[in-house]
Amino acid sequence: MSEVKAIKNNKTKKTNLKISPVVKYSLLAILASIVIGLFVITLSGQFYQIDNFFAYMFKSNFGSLPGFATFLGNFGWMILIGLSVGVAFKAGLFNIGAAGQMISGGMVSFMFASKVNMGGSGFIFTILIALIIGAFVALIIAILKSKFNINVVISSIMINWIIFYLLKYVSSTDFGISTILLNNSLRMNWLSNMFNVSSDSSSLNIGFIIALLLIPIFTFLYKKTTWGYKQDILGHNPKVATYIGINRDYEMIKTMVISGALAGLAGAVYYCGVLDRLPSTESLTDIPWQGFDGITIALVGLSSPIGILFSSILLTLLQTPYLDGIIGSMNISGIITATMILLLSTVQYFIVYKPRNIKSKKENKDESTKLSSTNNKVDEKKGKDK
């Protein structure tokens, strides 16, 4: 009989499995943003173009080996910049400076890769330099916060603009027309041959391999280490973290350094792999948007490494070259992405990081009921003692 009961209990447990509210609402937010994008297409009178919109999106990325190679090239830096912002989000930090860290890591690694010949292992130094520079820029922001209590967002924005003008200056010098030395490039001949593309013209590079290796590493760190446990507590309740003895300043510095290193690596993959050059001065009218995509990717992926993997696929598809040209002059992918950010920010604030001081009427009623029953028991005990 006991065995039968155990089997029944296991069955009921399986049938009672529910999707997490966070995942459920996030999926609804993503679906709603796509529906809104389609609604805008309908309002423009080009509803008949929806089939072409999605057909082009998938055919250009998965319809041929060269197209898939281009997809993988962009997919790599997307994962890395998403992980960068996601690591900061996990600890309750908003690293909007990931854009500047990505630019600085990519710019300095490009300057090295175009001038210094390190032999067959040159690409390793290209990666290491990007990691170090990105981490250094993030460290400055973290120190300004921990030592001088300067808001992370304010210092990040200021440093982003400083780095942007440095990039603009460097692009106007000889580096603007420089090419990366073969051994220092992240474009590999063996990888290009595998996809039957030219390493000179295709954006395929080893960045996506590095990014895919980092996904299980960070998953393990978050689920199986004390560092991941501390990150979770810091992100959800910093007061509890302080109470149990977690050094918030030290953990914040550590988090920002890791986040900055990932952003710098994303810069190396983008500038020394995808573009294989620095952007022209004519195109530098504003801070490059690539670094800010990390915010969207982290929000869509709920700051989870596995979630970031899938959200990077979605964002890479939405940014397929010439995709918006199918619907006239409208930036449909931009509308979908912006709506996604708005809806998912709401999900993050009210569900993932629900404000602890906001309580429902039911919660308040339950607390008052418990308090009154406790007081009644105390009074009864006092009466008996008398």
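In the block above lies the structure referred to throughout.
Given the structure is predicted, the values throughout are model-derived calculations rather than measurements.

Trainee: Please explain the overall build of the chain as it appears in this structure.
Mentor: Secondary structure assignment for the chain yields 16 helices and zero strands. Across the 386 residues of the chain, 44% fall into the buried class. Here the contacts in the chain between residues at least 6 apart in sequence split such that 77% fall between residues at least 24 apart. Accessible surface computed for the chain: about 20600 Å², of which carbon and sulfur atoms make up 65%.

Trainee: Explanation requested: the environment of Ser185 in the structure shown.
Mentor: Looking at the secondary structure, you find Ser185 in the loop between helix H7 (152-171) and helix H8 (189-194). When its relative accessible area of 6% is taken as the criterion, Ser185 is described as buried. C-alpha separation for the pair Ser185 and Val269, spaced 84 residues apart in sequence, amounts to 9.3 Å. The residues contacting Ser185, other than those within four sequence positions of it, are Phe123, Ile180, Cys272 and Asp276.

Trainee: Quick question: what am I supposed to make of a nonpolar patch on the surface here?
Mentor: Together, Val116, Met118, Ile124, Phe125, Leu128 and Ile132 line one region of the surface with nonpolar side chains, adding up to about 490 Å² of accessible area. In this structure, Met118 sits in the loop between helix H5 (98-115) and helix H6 (122-148). What makes Met118 partly exposed here is its relative accessible area of 34%.

Trainee: What is the right way to look at the pattern of salt bridges in this model?
Mentor: Any two side chains of opposite charge can pair, on the condition that their charged atoms come close. Evaluated as defined, the whole model comprises two salt bridges. Lys230 is the salt-bridge partner of Glu251, the closest N and O atoms lying 3.7 Å from each other. Taken together, the residues Glu251 in helix H12 (residues 248-274) and Lys230 in helix H10 (residues 226-236) connect sequence positions 21 residues apart. A residue is classified by how much of its surface remains accessible, and Lys230, at 28% relative accessible area, is partly exposed. Between Lys254 and Glu251 there is a salt bridge whose closest N-O contact spans 3.4 Å. Linking Lys254 with Glu251, this pair stays in helix H12, spanning three residues, or about one helical turn. We classify Glu251 as buried; its relative accessible area is 2%.

Trainee: It is not clear to me how the side chain of Asp293 should be interpreted in this structure. Could you clarify?
Mentor: Looking at the element boundaries, Asp293 is found in helix H13 (residues 293-300). Dropping the residues within four chain positions of it, Asp293 is found in contact with Trp77, Met78 and Gln319.

Definitions and cut-offs
Along each chain, residues carry numbers from 1 onward, in the same order as the chain's sequence is written. Selection of residues for local features in this predicted model requires a pLDDT of at least 70, selection of side-chain atom pairs for listing and counting requires 80 or more, and totals for whole chains, interfaces and linings are taken over all residues. Derived side-chain values reflect all non-hydrogen atoms in the structure, with water molecules and hydrogen atoms excluded from consideration. Every helix listed is a DSSP run of H or I at least four residues long, and every strand listed is a run of E at least two residues long, numbered separately from the N terminus. Each residue gets one of three labels from its accessible area relative to the maximum for its type: buried under 20%, exposed over 50%, partly exposed in between, using a 1.4 Å probe on protein chains only. Throughout, a contact is declared for two residues whenever any of their heavy atoms are within 4.5 Å. Residue-level accessible areas treat just the shown protein chains as cover; the underlying method is Shrake-Rupley with a 1.4 Å probe. Patch membership requires more than 30% relative accessible area and the absence of a salt bridge. Residues of like charge join within 9 Å; the nonpolar side chains Val, Leu, Ile, Met, Phe, Trp and Tyr join within 5 Å. A side-chain nitrogen of Lys or Arg and a carboxyl oxygen of Asp or Glu constitute a salt bridge if their distance falls within 4 Å.

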